[in-house]
Amino acid sequence: GAVVSQHPSRVICKSGTSVKIECRSLDFQATTMFWYRQFPKQSLMLMATSNEGSKATYEQGVEKDKFLINHASLTLSTLTVTSAHPEDSSFYICSASHDPSSETQYFGPGTRLLVL
Amino acid sequence: AQSVTQLGSHVSVSEGALVLLRCNYSSSVPPYLFWYVQYPNQGLQLLLKYTSAATLVKGINGFEAEFKKSETSFHLTKPSAHMSDAAEYFCAVSGRDSSYKLIFGSGTRLLVRP
């Protein structure tokens, strides 16, 4: 149980285009989803927290207009990287929590974004 | 503010040897503590977590960790390393408020020599 999927697993796009990454909880309802970014050989940095039906809460330094997060249902959250540039190339990982009172997050397999 | 420090970006052990990955935390209140493992190009898998029950926590794949408040540590151990244990390991802390935001350490890459 507690499986989280991400799609696509990897994407290559041209500079200036937008890319949408989906995060789905397959066997549970995720009241809260988190989006992380991981640069090569570095740790995960939390970008934003999203709760179903409300606006995402972004961490300091994360541009909310560049990284659009939508959590329209209890099983799906999307991250859209708008007007992507090469410096946005990274590994994006989502996680989900099935209970507002739960401290445990279940992680997706990640999406590798390469912006040319 | 909470923080996590993982000592040693790389740890190398022989197959069958003891694995010890170090994690120290900083928190004004007793936190939740986690160990996650990441295989190449994959997401994170929860190994174990401490939430204020027993201080010695047993996880999957034979790993365990001990919460030591006096030392603000939560080191990860495994008695006998397997080749399949080679991966990146992350220690993480979260608060007990409703946000449960995770703060990760810098990670430790475990290498297992045959």
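Below is a short write-up of the structure. (Residues numbered from 1 in each chain as written. Chains lettered and ligands numbered in written order. Predicted model: local features only at pLDDT ≥ 70, side-chain atom pairs only at ≥ 80, totals over all residues. Heavy atoms only, no water.)

### Observations concerning the overall build of chain A
Secondary structure summary: chain A contains 0 helices and 11 strands in total. Starting at the N terminus and walking to the C terminus, you meet the elements of chain A as β-β-β-β-β-β-β-β-β-β-β. Classification of the 116 residues of chain A by burial places 51% in the buried group. For chain A, the computed accessible surface area is about 5,600 Å², with 53% contributed by carbon and sulfur atoms. (Helix = DSSP H or I, 4+ residues; strand = E, 2+ residues; numbered from the N terminus. Buried < 20%, exposed > 50% of the residue type's maximum accessible area, 1.4 Å probe, protein only. Areas by Shrake-Rupley, 256 points an atom, 1.4 Å probe, with all protein chains shown as cover.)

### Looking at the sheet that holds strand β3 (residues 19–25) of chain A
Note: strands within a sheet are paired through backbone hydrogen bonds, in either parallel or antiparallel orientation. Residues and elements named next belong to chain A. An order of β1-β3-β8-β7 is seen for the 4 strands of this open sheet, with the pairing classed as antiparallel. Of all the strands in the sheet, just β1 (4–7) and β7 (67–73) have a single pairing partner and so form its edges. Across this sheet, the average inter-strand angle for adjacent strands is 15 degrees, counted without regard to direction. Pairing between β7 and strand β8 (residues 76–81): 5 bridges, direction antiparallel. The residue of β8 that forms the bridge with I69 is L79. (Pairing = 2+ DSSP bridges. Axes fitted to C-alpha atoms, helices over the stretch in contact; angles between N-to-C directions.)

### Some thoughts on the packing of aromatic side chains
Residues and elements named next belong to chain B. Per the counting criterion, the structure on display carries 13 aromatic pairs over all chains. With a centroid separation of 4.1 Å and 15 degrees between ring planes, the pair formed by Y50 and F67 is classed as stacked. With a gap of 17 residues between them, Y50 in strand β5 (residues 44–50) and F67 in strand β7 (residues 64–68) connect regions that are remote in the sequence. Take Y50: its relative accessible area is 6%, and that puts it in the buried class. The exposure class of F67 is buried, given its relative accessible area of 8%. (Phe/Tyr/Trp six-rings, centres within 6.5 Å; stacked < 30°, edge-to-face > 60°.)

### What to know about the environment of B:E88
All names here are of chain B. As for its position among the elements, E88 is in strand β9 (residues 87–94). Residue E88 is classed as buried on the basis of its relative accessible area of 12%. Between the alpha carbons of E88 and H10 there is a distance of 8.9 Å; along the sequence they are 78 residues apart. With residues near it in sequence (within four places) discarded, E88 still touches Y36, V37, Q38, S106, G107, T108 and R109. (Contact = heavy atoms within 4.5 Å.)

### A word on the pairing of β3(A)
All names here are of chain A. Only one face of β3 is covered, namely the face carrying V19, I21, C23 and S25; the face carrying K20, E22 and R24 is uncovered. Sheet topology places β1 next to β3; 4 bridges connect them, and they run antiparallel. Residue pairing for β3: H7 is matched across the bridge by E22. Sheet topology places β3 next to β8; 6 bridges connect them, and they run antiparallel. By the bridge assignment, C23 is partnered in β8 with S77.

### Points about the pattern of salt bridges
Enumeration over the complete set of coordinates arrives at 6 salt bridges over all chains. When the shortest N-O distance is used, the salt bridge between A:E22 and A:R24 registers 3.5 Å. In this structure A:E22 comes out as partly exposed when scored by relative accessible area, which is 23%. For A:E59, the salt bridge identified is with B:K101, shortest N-O distance 3.1 Å. With A:E59 in the loop between β6 (57–58) and β7 and B:K101 in the loop between β9 and β10 (102–104), this residue pair bridges two chains. (Salt bridge = Lys/Arg side-chain N within 4 Å of Asp/Glu carboxyl O.)

### Comments concerning the sheet that holds strand β6 (residues 56–58) of chain B
Residue and element names in this part refer to chain B. Here we have 5 strands laid out as an open sheet, ordered β1-β3-β8-β7-β6, and antiparallel in their pairing. The sheet terminates laterally at β1 (3–7) and β6, the two strands that pair on one side only. With direction set aside, neighbouring strand axes in the sheet form an average angle of 20 degrees. One ladder, built from 5 bridges, connects β1 with strand β3 (residues 19–26); its direction is antiparallel. Paired with Q6 across the two strands is C23, which belongs to β3.

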